[in-house]
Amino acid sequence: MTDRYGSDVLAGDWRVPRNGRSKEVEAETGLVVEDVDTGWCGAVTRVEKAGGMHVVHLEDRRGRSKGFPLGPGFLLDGRPVVLTPPKAAARAQVAAARQAASRTASGSLAVHGAKAKVASGSRIFVEGRHDAELVERVWGHDLRVEGVVVEMLDGVDDLEAAIRDFQPGPGRRMGVLVDHLVAGTKEQRVVEAARRLQPYAAHVKILGHPYVDVWQSVRPDRLGLQAWPVIPRGTSWKHGICAHLGWPHQSQADIARAWKQILGTVRTYADLEPTLLASVEELIDFVTEPGH
């Protein structure tokens, strides 16, 4: 028999709005929506947090912009939506963090999970503990992956003797990083003689930087300086630097603490001067070159 009263009006979801229920939509830049209360229609230009709440800014076709509380109360193509914070920016931040984590302090690709190689026959020599600690800070991961050990010299006054003691040769290269290697200095004369020393010359590379001390290879802005100060002759350079910065400098322990503070400002290769970077990178390439 035909139901003369028709279908049951309470059947199904009778409470659903005429335009449908609101759906969550990310407030991505460029999304065009309409504010239900004011009729303002515009494209999303940005989402920001202000006064403890998220605000979405909509720009209309005349270039006027207006902010609205992020959430319900918007129409997208005539259908109700709840605007939510865009996740693209968050994803970009995560991607940037992952990319940064995939790089070492020297900027090279990190090799995760790899054990340090057994030390190769080749070595890199630096003048002192501070040089060694700086190289470790920036290039330590790379050197462990390559199996290259950094050793310390007690200055370079007797560099030729250090070369003879090491006895460089095939598969046993020697890289040397020298402080204050500039024209007309004692260091330049020592290095020129050492570079000619036979039969080792082909297996030795000696490079340097122009700085009085390796401290100076750290970019001065990392310490809030526009430039490293000029220390008068006759004054210990490190003591003079500490005095200029207002740091204690009476004892060797004071100097050691000062260096730790400077070293602590170095996060990546970008915190060092290009001259030092170029020399260290070239030395690493020299001692790790395959087949030598």
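Residues numbered from 1 in each chain as written. Predicted model: local features only at pLDDT ≥ 70, side-chain atom pairs only at ≥ 80, totals over all residues. Heavy atoms only, no water.

(A) Geometry of the sheet that holds strand β8 (residues 123-126). Taken in spatial order, the 4 strands line up as β9-β8-β10-β11 in an open sheet, and their pairing is parallel. Each end of this open sheet is capped by a strand with a single partner; those strands are β9 (149-152) and β11 (204-208). The average undirected angle you get between the axes of adjacent strands in this sheet is 25°. For strand β10 (residues 174-178) and β11, the ladder comprises 5 bridges, and the chain directions are parallel. Looking at the pairing, V178 lines up with G208 of β11. This element, helix α2 (residues 129-146), spans β8 and β9 of the sheet and lies at about 175° to β9. Against the sheet, helix α4 (residues 186-195) makes contact with β10 and β11, and its axis sits at roughly 165° relative to β11, the strand it touches most. (Pairing = 2+ DSSP bridges. Helix = DSSP H or I, 4+ residues; strand = E, 2+ residues; numbered from the N terminus. Axes fitted to C-alpha atoms, helices over the stretch in contact; angles between N-to-C directions. Contact = heavy atoms within 4.5 Å.)

(B) Seen up close, α2. Its 18 residues place the ends of α2 only 21 Å apart at the C-alpha level, less than the 26 Å of an ideal helix rising 1.5 Å per residue. W139 marks where α2 bends most, by close to 80°. Within the sequence span of α2, burial applies to H130, D131, A132, L134, V135, V138, W139, G140, D142 and L143. Elements that come into contact with the buried residues of α2 comprise β8, β9, α5 (237-245), α6 (252-263) and α7 (274-288). Just downstream of α2 lies G147, where phi reads positive at about 75°. (Expected span 1.5 Å × (residues − 1). Bend = angle between axes of the 7 residues up to and from the residue. Buried < 20%, exposed > 50% of the residue type's maximum accessible area, 1.4 Å probe, protein only.)

(C) Molecular detail of helix α3 (residues 159-166). Residues of α3 that are buried: L159, A162, I163 and F166. For α3, the arc enclosing every buried residue in end-on projection is 100°, short of the 170-degree limit, so these residues lie on one face. On the buried face of α3, the contacting elements are β8, β10, α4 and β11. (Arc of directions from axis to C-beta.)

(D) Main features of the pairing of strand β2 (residues 32-35). Side chains V33 and D35 of β2 all project onto a buried face; the interleaved residues V32 and E34 project onto a face where none is buried. One ladder, built from 3 bridges, connects β2 with strand β3 (residues 41-50); its direction is antiparallel. Counterpart to E34 in the pairing with β3 is C41. Where β2 folds back onto β3 in an antiparallel hairpin, the turn is made up of 5 residues, including G39, whose phi is positive at roughly 80°. Sheet analysis places β2 next to strand β6 (residues 74-76), joined by 2 bridges and oriented antiparallel. Note on β6: the bridge partner recorded for E34 is L75.

(E) Representation of the sheet that holds β6 in the model. Strand order in the open sheet formed by 7 strands is β1-β7-β6-β2-β3-β4-β5, and the pairing between neighbours is mixed. Looking at strand neighbours, the two that pair on one side only are β1 (23-26) and β5 (65-69), the edges of this open sheet. When strand polarity is set aside, the average angle formed by the axes of neighbouring strands in this sheet is 50°. One ladder, built from 4 bridges, connects β1 with strand β7 (residues 79-84); its direction is parallel. What sits directly across from E26, in β7, is T84.

(F) Looking closely at the packing of α3 against α4. For the pair α3 and α4, the least separation of the axes is 9 Å and the interaxial angle reads 35°. Taken together, the residues of α4 that come into contact with α3 (itself represented by L159, E160 and I163) are V190, V191, A193 and A194. Residue composition of the contact of α3 with α4, grouped by class: 6 nonpolar, no polar and 1 charged. (Nonpolar A, V, L, I, M, F, W, Y, C, P; charged D, E, K, R; others polar.)

(G) Seen up close, the pattern of salt bridges. In this structure the tally under the stated criterion is 14 salt bridges. Where D157 meets K186, a salt bridge forms, and the shortest distance between an N and an O atom there is 3.0 Å. With D157 in the loop between β9 and α3 and K186 in helix α4, this residue pair connects regions lying 29 residues apart in the sequence. (Salt bridge = Lys/Arg side-chain N within 4 Å of Asp/Glu carboxyl O.)

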